[in-house]
Amino acid sequence: MNRYHFLVLGSEARQLYLAELLRRNGHEVMTAEEYQPGYHDAVLLPIPQTAKYLKENVSKLQKGQIIYGCNFPEEQVEECDKRGIHFIDYMKVEGVASRNAIATAEGAIAEALQEGCVSIHDSHSLVIGYGRCGEVLAEKLVSLKAHVTVLDRKSEKRSRARAYGCQTVGFERAGSIIPDCDFVFNTVPAPVLTHELLQRVKKDVVIIDIASRPGGTDFEFCQKNAINAKLCLGLPGKYAPKSAAKILMEVIIKSIKCCHKYKITQIR
């Protein structure tokens, strides 16, 4: 088996589990908070902080390296492409995002329970966006006997949500639904929870925003008005780090088996 050198950046539990899995597979692994001198065949950036770590270390990356992460900033990717540096976005690999959505949904519910004052059972829960994460989240809330309403612009997605036992509304009716909600889960990476909607929420509502940074909630308005709203990123790494690491490990193993394609340098 070919042995490679991996630099694993970040201290979240998912990264540490990933480093251990790589070692068990016979690879050389260095873990650190900052880029370390020397040549590394691949650099693994933490998923929720990919953009931050890439920006801080882009000048140190070397030709032939593969950088693993998620949602890479286009400007820096273009710069690195010219230097012969390659990127693998975990979430663009088939099957990863859907499996990651399960842990994300479970983590979102855990965050809601920690922040809230009522149980999920018999609660009124609003899920904004019925994409991959929204669908799994709504399904899990229904299984916990919550009264679930899905808010989505597309009629076909609302139809699918109704088939799974959810009530549905379009954005034009959001204002009539949100005053009754105990929990609001946002999955849409756009400004959807505006101050016009937020001024209608319950005093003790809990808003869990799992959309990519900066989320879809007017957090400034929430802070000024004592509304409990939280941007929750990297939930799989927080609540299911071992399972999440195994998913990422599969991506890495497949990519190094195609080392001729990605031009990873074999350690002699």
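This text follows the structure it describes.
Note that this is a predicted model, so its numbers are computed, not measured. (Residues numbered from 1 in each chain as written. Predicted model: local features only at pLDDT ≥ 70, side-chain atom pairs only at ≥ 80, totals over all residues. Heavy atoms only, no water.)

K.L.:
Pulling in residues and values, what's your account of the side chain of S123?
P.N.:
Take S123: it is sitting in the loop between α4 (96-115) and β6 (124-128). One polar contact links S123 to S125, side chain to side chain, over a distance of 3.1 Å. (Helix = DSSP H or I, 4+ residues; strand = E, 2+ residues; numbered from the N terminus. Polar contact = N/O pair within 3.5 Å; in protein donor to acceptor, adjacent residues only side chain to side chain.)

K.L.:
Account for helix α5 (residues 132-143), with residues named and values stated.
P.N.:
Counted at 1.5 Å a residue, the expected span for α5 with its twelve residues is 16 Å, and the 17 Å between its end C-alpha atoms agrees. Of all the positions in α5, only G134, V136, L137, A138 and L141 are classed as buried. For α5, the secondary structure elements touched by its buried residues are α4, β6, β7 (147-151) and β9 (183-186). Downstream of α5 by one or two residues, K145 has phi in the positive range, about 70°. (Expected span 1.5 Å × (residues − 1). Buried < 20%, exposed > 50% of the residue type's maximum accessible area, 1.4 Å probe, protein only. Contact = heavy atoms within 4.5 Å.)

K.L.:
Just give me the short version of the sheet that holds strand β3 (residues 42-44), but keep the residues and values in it.
P.N.:
A sheet is described by the order of its strands in space; here five strands give the open sequence β2-β1-β3-β4-β5, paired in parallel fashion. If you trace the sheet from one side to the other, it starts and ends with β2 (28-32) and β5 (86-89), each paired once. Going from strand to strand, the sheet's axes swing by 20° on average, the running direction of each strand aside. (Pairing = 2+ DSSP bridges. Axes fitted to C-alpha atoms, helices over the stretch in contact; angles between N-to-C directions.)

K.L.:
Could you give an account of the nonpolar core, with specific residues and numbers?
P.N.:
Formed by 25 residues in total, the largest nonpolar core has its most connected members in F6, L18, L22, L44, Y68, Y90 and I252. Of all elements in the fold, only β1 (5-9), α1 (13-24), β3, β4 (66-69) and α11 (241-257) reach the threshold of two or more residues within this core. No other element matches α11, which puts eight residues into this core. If near-sequence neighbours (up to four positions away) are discounted, L22 is found in contact with F6, V8, H27, V29, L44, M249 and I252. Membership of the second largest hydrophobic core comes to 24 residues, among which are I109, I120, L137 and C232. (Core = buried A, V, L, I, M, F, W, Y, C linked by side-chain atoms within 4.5 Å.)

K.L.:
Can you lay out unusual backbone geometry for me, pointing to particular residues and giving the numbers?
P.N.:
In this structure, the amide linkage connecting R213 to the following residue, P214, adopts the cis form with an omega of 15°. Even without being glycine, N71 reaches a positive phi, approximately 55°. For N71, the location among the structural elements is in the loop between β4 and α3 (74-82).

K.L.:
Residues and numbers for the environment of V118, please.
P.N.:
Note on placement: V118 falls in the loop between α4 and β6. A residue is classified by how much of its surface remains accessible, and V118, at 35% relative accessible area, is partly exposed. Apart from the residues lying within four places of it in its own chain, the contact partners of V118 are L113, D182 and F183.

K.L.:
A description of the sheet that holds β9 should follow, citing residues and the corresponding values.
P.N.:
The parallel open sheet is built from six strands, whose spatial order is β8-β7-β6-β9-β10-β11. Where the open sheet ends on each side, the last strands, each with one partner, are β8 (167-169) and β11 (228-231). For this sheet, the mean inter-axis angle between neighbouring strands, taken without regard to orientation, is 20°. Pairing between β6 and β7: five bridges, direction parallel. In the strand pairing of β7, S125 is matched with V148. Against the sheet, α4 makes contact with β9, β10 (206-209) and β11, and its axis sits at roughly 150° relative to β10, the strand it touches most. The sheet contacts of α5 involve β6, β7 and β9, and relative to β6 the element is tilted by about 170°.

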